[in-house]
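Chain and residue survey
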Amino acid sequence: MGYVGQRLIQAVFVLWVVATLCFLMFRLMPGDPTLNYIDTSMTEEQRQNMLVAFGLDQPLYVQYLIYLKNLLRGELGNSFLQGRPVLELVLEALPLTVALTLSALIVAYIFGVIAGAFLAWKRGSLTEGVAIPLVLATRAAPEFWLGMILLAIFAFGYGWFPSGGAASAGAEYGSEWERLFSLDFLYHLLLPALALAVYLQGLPLLLMRSTMLEVMQDEFVTMARMKGLSEWTIVIRHAARNALLPVATAFALGIGGSVGGNVVVETVFSWPGLGRMLVTAVQGSDYPLAQGAFLIIAAVLVLMNLVADLLYGWLDPRVSHGRKG
Amino acid sequence: MRRRDLIQGTAIAAALAAGGLGARGAAAQQAGDPIRKLVILSRPQSNNPQAYQAAEIIAQEWRKLGLDVEIRPLPRQQQSEVVWNRRQEWDMTMWQMVGRPERSDPDELVFNLFHSSTAPTGFNFVGWADPEYDRLAEAQRVETNPDRRREIIRAAQERVNQGQPYLFLVHPKQVHAFNKAQLREGTLVNQAGLGLRNIWTYLGVEPVGNRRDMVLNASEPVQAIHPLWISGATDSWVTELVWDRIMRIGPDGLPRPWAAETVTQVDPTTIDITIRQGMKFHDGSPVTVDDCIFSFEAPAIGNEVPMYRPFVLNIAKVEKTGDRSFRITLKQADAGFFTSSLAKLNIIQKSAWEPVLRDYQNRPENIERFVVERPIGSGPFKVSRARLSEEIVLERNADHWAAPKIERWILRIVQNVEATLGMLNRGEINFLADYTGDPDLVKQLVSRNRNIVMNEAVDVGFQFLGWNMRRPPFNDPAFRRALSAAVNRELMAEAAWNGFAEPANSHVSPALPFWHREGIVGMLPSGLDQAQRILQEAGYRVVNGRLHYPAGTREQTTPN
């Protein structure tokens, strides 16, 4: 069996483990979805009827078997709270999360790579002395804090950007694509993407810098210097290209991690993405929706891990993945 | 006075307690077991700062009486699970009743909160059982003469004051704000107990300038737009605009005919209704008497419509009496029927819903699982677009006999409370409809932006601490009364709610002056000395700074 085949089997196994954990985690948590409907007129009969309607009257193992059977058929079930198919809800929120994540990641990694290379080049200078603590501070700062600061300055203060949402109130579009590529959407995307990018840029920057510092010690760099190439040419054309490998891997993993990790930014900016949906689902014990959202996030993460592994092997043929040559 | 002042007062009051109960003769010999540590369940401070701070103030006061009190923050789901499903296992919980139009009639709260029949599995989770209260709650339900009913409801409030089944804290004030540069001041309507966020505002508000829309916020996503499912509080804001009802609760808090031209109470169990002429559903089909009759019959079919079923259970029959009229016969007189049923049930299309109901009778799930793809009502607004976790857009129904003046009603889901103020300031929303943050921030905004107008109104709902009367010492009315007396509600309203609340001692809000027992707050003894006196008279003793049960009483309850 080839390397790719092995990795695919591993990926399926990981997804099964995640699916099982998701199933157990939500059912072992205190409470059930009927608690969302506690009301003065609610009776025990109503509550029991609700449990039957949600299939929660069945023994746990029966629920689990039904869940696995549905998963194999590609069915994630219907949301308890909204009644609609989970896949439909997730696919509705996913483009917004992907748009936010990708734009932030691209900005963060472009900036991180360039700034990381620059700081490696400027090692020991005053610029590095100021920049590194600043980068560490933005990396360590909570996302919600960064988001609120940006909102306070650029939305509430100067009024340059909207205070939240993915489109202006009442804006109408012919299709989701039309909306995603509208100026109004981009205008709403800028501030949350910036907040996320400021948070994300620390990793590629520090990674690029440290790898660059290693690469700059390599013999081929010394050779380039001996050839009389300019320092800038050495840094950009020779060293940086060789230092990009771990950054590319981090980028792939970053996509996977960020799809589920935007909960805070999405909440601060009222961005109707997957992360915010996940929070609502967990708070409301909406098991199918929470399971489905987690599973899709996990699938993206596993897929990106796989891509990173394959990418690594492709970018650097020295990486053998344990294969015997 | 704020919390800081309270903390400073602790030492003084502790000295008072020591010199009062603690020093009384041979207290130790006359005392029972020390009272166990008592636990107050509360939402975390980050989640509900007011309730948590109120719990802190309460605990602080009670420690002065010699009680060991712990506040245990729990997420909402977990708190609800313990309180609702494990009724023997908790001591006290912070809780709230929120204001809703149908709570303008006191029946829902008077009966369901405290009638002993709802104690085992219903809303009487504190487990209060008082035969005299039960009698009053049942009597008000069948008394159709308003004046006589008012006397019964006032007597019920006095009974609650005696028994203190809840430690009532405050009736919070609803804080709403709007932009008068976009919405004409004076055209928004203040509804009793609800403030500006009500249908009368949406119908009457006049746009100013180019923007013809009302844009408001909600902090929770909408779950569904469904005429046969009460799926959430925010959802109800939408459904009441899309579907008409026979009656509506007016700005004065009383039910008034809406889709009905007349509603006549022929006798205590017979109601004649004539519907308006020319009403149409949003698809252009007429609203008929058959649709109205079906709307009352549908919730009673099997268990398909569990949320609305309780509101039609008292209906014996519904008969057509003419092209525009029908008669409802009740099994027994029901004073709250106009509010709890006629003003609550949505008028739905029989032709659309009858087959769906029939289909769902053969399924394990009920009709709440049915996804309404195209919500069709006959109400003053039509659904234009619904992204449930992002934005709901309703457009005016120009054919409606009470057509709104705004073109669109746009509900934006904004979970970041601080951002809503920024949105209001920048004109992204023009009506702050759902605000749970610090009201002082809204005041500050009003002082900075001259276009913003703030409105506050006492809520029909209330904040309270529920104590579990299944567990001693809360089964002792004297103990409850003493602990209730120890809490300074004026201070509570100032410290925890920043002055945006009124002291409470009743489940019927002063926002409903016809039903509210005036002066009920003053009927409760107030102050630490009063609390100590009540405890002393009931036999409780302080020994070595710790409050003990009366002589001979053993502590047999396990701390939770």
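Reading guide: rules and limits
Residues numbered from 1 in each chain as written. Chains lettered and ligands numbered in written order. Predicted model: local features only at pLDDT ≥ 70, side-chain atom pairs only at ≥ 80, totals over all residues. Heavy atoms only, no water. Helix = DSSP H or I, 4+ residues; strand = E, 2+ residues; numbered from the N terminus. Buried < 20%, exposed > 50% of the residue type's maximum accessible area, 1.4 Å probe, protein only. Contact = heavy atoms within 4.5 Å. Areas by Shrake-Rupley, 256 points an atom, 1.4 Å probe, with all protein chains shown as cover. Lys, Arg positive; Asp, Glu negative; His and termini not counted. Charge placed at Lys NZ, Arg CZ, Asp CG, Glu CD. Buried area = accessible area lost by both parts, 1.4 Å probe. Salt bridge = Lys/Arg side-chain N within 4 Å of Asp/Glu carboxyl O. Polar contact = N/O pair within 3.5 Å; in protein donor to acceptor, adjacent residues only side chain to side chain. Pairing = 2+ DSSP bridges. Domains from an automatic or database assignment. UniProt positions renumbered as here; feature names shortened; annotations may be inferred. Phe/Tyr/Trp six-rings, centres within 6.5 Å; stacked < 30°, edge-to-face > 60°. Axes fitted to C-alpha atoms, helices over the stretch in contact; angles between N-to-C directions. Parallel < 35°, antiparallel > 145°, perpendicular 65-115°, else oblique. Left-handed = near helix turned anticlockwise from the far one by under 90°.

Another point: the overall build of chain A. A tally of regular secondary structure across chain A gives 14 helices and zero strands. Counted from the first residue to the last, chain A has its helices and strands arranged as α-α-α-α-α-α-α-α-α-α-α-α-α-α. Dimensions of chain A along its principal axes, counting C-alpha atoms only, are 85 × 60 × 40 Å. Burial analysis of chain A (325 residues in total) assigns 49% to the buried set. Within chain A, counting contacts between residues at least 6 apart in sequence, those at least 24 apart form 74% of the total. Accessible surface computed for chain A: about 15600 Å², of which carbon and sulfur atoms make up 69%. Side chains of chain A give 19 positive and 22 negative charges; the mean places of these two sets differ by 14 Å.

Another point: the overall build of chain B. Each helix and strand counted, chain B has 17 helices and 21 strands in total. With the principal axes as the frame, chain B shows a C-alpha extent of 85 × 55 × 45 Å. Split into buried and exposed, the 560 residues of chain B put 60% on the buried side.

Another point: the interface of chain A and chain B. Taken together, the 56 residues of chain A in the interface contact 57 residues of chain B. For the pairing of chain A and chain B, the buried interface totals around 4400 Å² over both sides, and the portion due to carbon and sulfur atoms is 48%. Our count for the chain A to chain B interface comes out at four salt bridges. Across the salt bridge formed by B:R385 and A:E172, the nearest N and O atoms sit 3.8 Å from each other. Across the chain A-chain B interface, the total number found is 16 residue pairs in polar contact (both at pLDDT 80 or more). Residue assignment for the side of chain A that touches chain B shows that the elements contributing at least two residues are α2 (44-53), α6 (143-157), α7 (176-180), α12 (263-268) and α13 (274-283) of chain A.

What follows deals with the pairing of strand β10 (residues 270-275) of chain B. All names here are of chain B. In this structure, strand β9 (residues 260-267) lies alongside β10, joined through six bridges in antiparallel fashion. Bridged to A260 within β10 is I275. Between β9 and β10, which pair antiparallel in sequence order, lie two residues. Relative to strand β12 (residues 325-330), β10 runs antiparallel, the two sharing five bridges. Paired with I273 across the bridge in β12 is F326.

It is common to give the size of an interface as the accessible area lost on bringing the parts into contact. Residue and element names in this part refer to chain A. Annotation of chain A at the domain level lists domain 1 (2-72) and domain 2 (93-324). Centre-to-centre, using C-alpha coordinates, domain 1 lies 32 Å away from domain 2. Tallying the contact residues gives 22 residues for domain 1 and 17 residues for domain 2. Here domain 1 and domain 2 share an interface that buries about 1700 Å² over both sides, 74% of which is from carbon and sulfur atoms. In this structure, the connection of domain 1 to domain 2 is made through zero salt bridges.

Attention shifts here to the UniProt feature "transmembrane region" (unreviewed entry) in chain A. Residue and element names in this part refer to chain A. The positions UniProt marks with the feature "transmembrane region" (unreviewed entry) are residues 12-29, 93-121, 142-161, 185-207, 243-269 and 289-315. With 94% helix and 0% strand, residues 12-29 has its two end C-alpha atoms placed 26 Å apart. Strand forms 0% of residues 142-161 and helix 75%; the C-alpha atoms that close the span are 21 Å apart.

Residue and element names in this part refer to chain A. Across all of its chains, the model carries 40 aromatic pairs over all chains by this definition. Ring plane angle 40° and centroid distance 5.9 Å describe the contact between F13 and W16, whose orientation is recorded as tilted. Separated by three residues within a single helix, F13 and W16 lie in helix α1 (residues 3-28), roughly one turn from each other. Exposure remark for F13: the relative accessible area of 52% places this residue in the exposed category.

Opposite charge on two side chains permits them to pair, given that their charged atoms come into close proximity. With the rule as written, the count across this model stands at 40 salt bridges over all chains. Residue B:K317 pairs with B:E319 through a salt bridge whose shortest N-O separation is 3.9 Å. With a relative accessible area of 43%, B:K317 lands in the partly exposed category. Beyond isolated ion pairs, a larger network of salt bridges with shared partners links A:E172, B:D213, B:R385, B:E391, B:R408 and B:R412.

All names here are of chain B. Its domain assignment divides chain B into domain 1 (3-171 + 460-550), domain 2 (175-237 + 381-458) and domain 3 (247-360). Centre-to-centre separation of domain 2 and domain 3, based on C-alpha positions: 28 Å. The interface of domain 2 with domain 3 comprises 18 residues on the first partner and 20 residues on the second. Across the domain 2 to domain 3 interface the summed buried area is about 1700 Å²; carbon plus sulfur atoms make up 73%.

For the rest of this paragraph, the subject is the sheet that holds strand β11 (residues 315-320) of chain B. All names here are of chain B. Sheet architecture is open: four strands sit in the order β9-β10-β12-β11, paired in antiparallel fashion. With one partner strand each, in any of the chains shown, β9 and β11 form the two edges of the open sheet. The average angle at which neighbouring strand axes cross in this sheet is 15°, direction not considered. Packed onto the sheet, helix α10 (residues 289-297) meets β10, β11 and β12 and runs at close to 170° relative to β11.

Glancing now at the packing of α6(A) against helix α8 (residues 183-200) of chain A. Residue and element names in this part refer to chain A. Closest axis-to-axis distance for the α6/α8 pair is 9 Å, and the angle between their directions is 135°. Put simply, α6 runs oblique to α8. As for the relative orientation of α6 and α8, their crossing is right-handed in sense. On α8, the residues that touch E143, L146, G147, L150, L151, F154 and A155 of α6 are L191, L194, A195, L196, V198 and Y199.

The next thing to look at is the packing of helix α5 (residues 107-114) of chain B against helix α6 (residues 131-142) of chain B. Residues and elements named next belong to chain B. At a closest axis distance of 10 Å, the pairing of α5 and α6 adopts a crossing angle of 150°. Taken together, the axes of α5 and α6 are roughly antiparallel relative to one another. Viewed along their axes, α5 and α6 form a crossing whose handedness is left-handed. Between α5 and α6, the residues in contact are D107, V110, F111, N112 and F114 and Y133, D134, A137, E138, Q140 and R141, respectively.

All names here are of chain B. Assignment of secondary structure puts D91 in the loop between α4 (76-85) and β4 (92-97). When its relative accessible area of 0% is taken as the criterion, D91 is described as buried. Here the side chain of D91 touches V39 through a polar contact of 3.2 Å, landing on its backbone nitrogen. A distance of 2.9 Å separates a polar atom in the side chain of D91 from a polar atom in the side chain of R471. Ignoring anything within four residues of it in the chain, the contact list for D91 reads R36, K37, L38, V39, G466, W467, N468, R471, F474 and N560.

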